[in-house]
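A look at the structure
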Amino acid sequence: MENRTKRRPETEIIHSGYHPDPFARSVSPPIYQTSTFAFESAEQGAALFAGKEKGFIYTRLGNPTILALEQALATLENGYAALATASGMAAVSTVYLAFLEKDAHMIGTAALYGPSRTIIETEFVRYGVSADFIDTSRIEEIEKRIKGNTRLLFIETPANPTMALTDIKACAGLARRHNLILVVDNTFASPFLQNPLELGADVVIHSLTKFINGHSDVVGGAIISRSEQLHNRLQKVLRMHGGTMDPHQAWLVLRGLRTLHLRVEKAQENARKIAAWLESRPEVAWVNYPGLSSHPQHRLMEKQMRGPGSMISFGLNGGYEAGLRLINNVKLCTLAVSLGGIETLIQHPASMTHASVPAEEKEKAGITDDLIRLSVGCEAVEDLIADLEQALEKI
Ligand code: LCS
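What counts as what
- Residues numbered from 1 in each chain as written.
- Predicted model: local features only at pLDDT ≥ 70, side-chain atom pairs only at ≥ 80, totals over all residues.
- Heavy atoms only, no water.
- Helix = DSSP H or I, 4+ residues; strand = E, 2+ residues; numbered from the N terminus.
- Rg over C-alpha atoms; globule rule 2.2 N^0.38 Å.
- Buried < 20%, exposed > 50% of the residue type's maximum accessible area, 1.4 Å probe, protein only.
- Contact = heavy atoms within 4.5 Å.
- Areas by Shrake-Rupley, 256 points an atom, 1.4 Å probe, with all protein chains shown as cover.
- pLDDT = per-residue confidence, 0-100.
- Core = buried A, V, L, I, M, F, W, Y, C linked by side-chain atoms within 4.5 Å.
- Domains from an automatic or database assignment.
- Lys, Arg positive; Asp, Glu negative; His and termini not counted.
- Salt bridge = Lys/Arg side-chain N within 4 Å of Asp/Glu carboxyl O.
- Expected span 1.5 Å × (residues − 1).
- Arc of directions from axis to C-beta.
- Phe/Tyr/Trp six-rings, centres within 6.5 Å; stacked < 30°, edge-to-face > 60°.
- Near = heavy atom within 4 Å.
- Polar contact = N/O pair within 3.5 Å; in protein donor to acceptor, adjacent residues only side chain to side chain.
- 1 Å grid on protein atoms, 1.4 Å probe; cavity = no way out; pocket = protein on both sides within 12 Å on 5 of 7 lines; lining within 4 Å.
- Sits in = over half its atoms within 2 Å of the grid points.
- Nonpolar A, V, L, I, M, F, W, Y, C, P; charged D, E, K, R; others polar.

The secondary structure content of the chain amounts to 14 helices and 12 strands. In summary, the chain has a C-alpha radius of gyration of 21 Å against a globular reference of 21 Å for 395 residues, a match within 12%. Judged by the C-alpha coordinates and their principal axes, the chain covers about 75 × 50 × 35 Å. Relative to its full complement of 395 residues, the chain shows a buried share of 57%. Pairs at least 24 apart in sequence give 73% of the contacts found in the chain among residues at least 6 apart. Accessible surface, the chain: about 16,800 Å² in total, of which carbon and sulfur atoms supply 53%.

In structure tokens:
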């Protein structure tokens, strides 16, 4: 573990996880592009395997470049330790594999990233696992679904793509009372805007592919645990199932992470202006952005987040057809899935990121056919608004 003195998040984003290495004093961490590490002797190899000595053995089990990223993420989320994973989905599946035994039950946010719920409904069902995916912004609804075999409460807040929020502190209270593990997917907020462990969650996961890497050029994930016990369980499962990260990938993510606060602040400033502008347009039927006072959980955002972030969902008066015309006519905004990069992306979740969720379930989760999702980037906001305006005029 790093020796953690309490510094401000902006400072930790830049400095945490790595100090110039004693060998060459490089300011940027070396990329230990190796699959394996040589032992000094047979006895030392045996001591490392037995856990009697600390050191690196084999990259699936640990690597200094990956460790630098993990230590940075643990610091930023104020956790005991972090695990870097090959993708955000590797983080999600590791959490499920670690905490859902045969015939276990979980409760999840209905508007989870599509595959985070589909993997339960199509894969984990083979082991008798069942789930209730519900509107977790209604705490009383969660309590009603808790059963004797419920192990996990898995929430995403803000949720992809509805931008609905769930009260993390209230969920933590519920989880404690019923002996559940509370996992929060913090991808949409990033650790700069929200720290679920500080609000009582047990485990936080991220798709590092999004805000933390921030440049739309790497896929990765992370799991940060509140305690040694949870971390050890997750580490064991991750190492055996093999969804671990590569050192080069870790180096790229760490490089992206170092500007997280600058990117998030700029994108958020743009998103605030775009959300207000969208709300003022006659073609726009509704806008869901936690930074708007019209958002049903605007007060909760102020309570549990440091800012509303840069994800917006909205619908047009012309519904689905008008939405498709809009996304086919943008020129600066890129029509692509993923989010959290420096460039603005626009997509249609019902037919793209959430296509795997059955139609009826999508409707229940609020992933309506007219919903357009905008991941606001760091461009000049005037150019983004001009682009959206010319596209709106074509519908
Ligand atoms: N959790 C959230 C909230 C996500 O948005 C995603 C991916 C994942 C987990 C999975 O992470 P990955 O394995 O892709 O790194 N979300 C995507 C999206 O909305 N568009 O494309 C991917």
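Looking at the chain, pLDDT values average 96 and 99% of them are 70 or higher. Looking across the chain, the model is least confident in helix H13 (residues 359–365), with a mean pLDDT of 91, and most confident in strand E7 (residues 221–225), with 99.

Glancing now at the nonpolar core. Membership of the largest hydrophobic core comes to 53 residues, with the highest contact counts inside it found for Leu-69, Leu-73, Leu-153, Leu-182 and Leu-208. With seven residues, the top contributor of residues to this core is helix H3 (residues 64–77). Two domains share this core, each providing at least three of its residues, namely domain 1 (9–257) and domain 2 (260–392). When residues no more than four places from it in sequence are discounted, the contact partners of Leu-208 are Leu-69, Leu-73, Asn-213, Gly-220, Gly-221, Ala-222, Met-245 and Val-253. Ranked by size, the runner-up nonpolar core spans 32 residues in total, among them Ala-91, Tyr-96, Ile-205 and Ile-223.

Mapping Asp-185 onto the fold places it in strand E5 (residues 181–185). Of the side chains with opposite charge, Lys-210 lies nearest to the buried Asp-185, which makes no salt bridge, at 9.5 Å. Those residues in contact with Asp-185, other than ones at most four positions away along the chain, are Phe-154, Ile-155, Glu-156, Thr-157 and Ile-205.

Along its 14 residues, helix H8 (residues 228–241) runs 20 Å from first to last C-alpha, staying within 8% of the 20 Å computed at 1.5 Å per residue. Every buried residue of H8 is accounted for by Leu-230, His-231, Leu-234, Val-237 and Leu-238. Seen along its axis, H8 keeps its buried residues to an arc of 135°; they face one direction. Those residues of H8 that are exposed and aimed more than 90 degrees away from the buried face are Gln-229, Lys-236 and Met-240. Where the residues of H8 are buried, they touch strand E1 (81–85), helix H4 (88–99), E5, strand E6 (203–207) and E7.

With that settled, the discussion passes to the packing of aromatic side chains. Inspection of the entire model under this criterion finds five aromatic pairs. Here Tyr-96 and Phe-124 contribute two aromatic rings whose centre-to-centre distance is 5.7 Å and whose plane-to-plane angle is 80°, an arrangement assigned as edge-to-face. Here Phe-124 lies in the loop between helix H5 (114–122) and strand E3 (130–134) and Tyr-96 lies in helix H4, a separation of 28 residues in the sequence. Both rings, one in Phe-124 and one in Tyr-127, keep their centres 6.4 Å apart while their planes meet at 70°; by these two values the pair is edge-to-face. Each member of the aromatic cluster is reached from another via a ring pair, and the members are Tyr-96, Phe-124, Tyr-127 and Phe-154.

The ligand sits among 17 residues. The nearest are Asp-185, Ser-207, Thr-209, Ser-338 and Arg-373. Backbone polar atom of Met-89 to an oxygen atom of the ligand: 2.8 Å apart, as the coordinates give it. The contact in question runs from an oxygen atom of the ligand to an N or O atom on the side chain of Arg-373, over 2.7 Å. The cavity that encloses the ligand is the second largest pocket. For the shell around the ligand, a count of residues per class yields four nonpolar, nine polar and four charged. Counting contributing residues per domain, the shell around the ligand is built from domain 1 (9–257) and domain 2 (260–392), each supplying no fewer than three.

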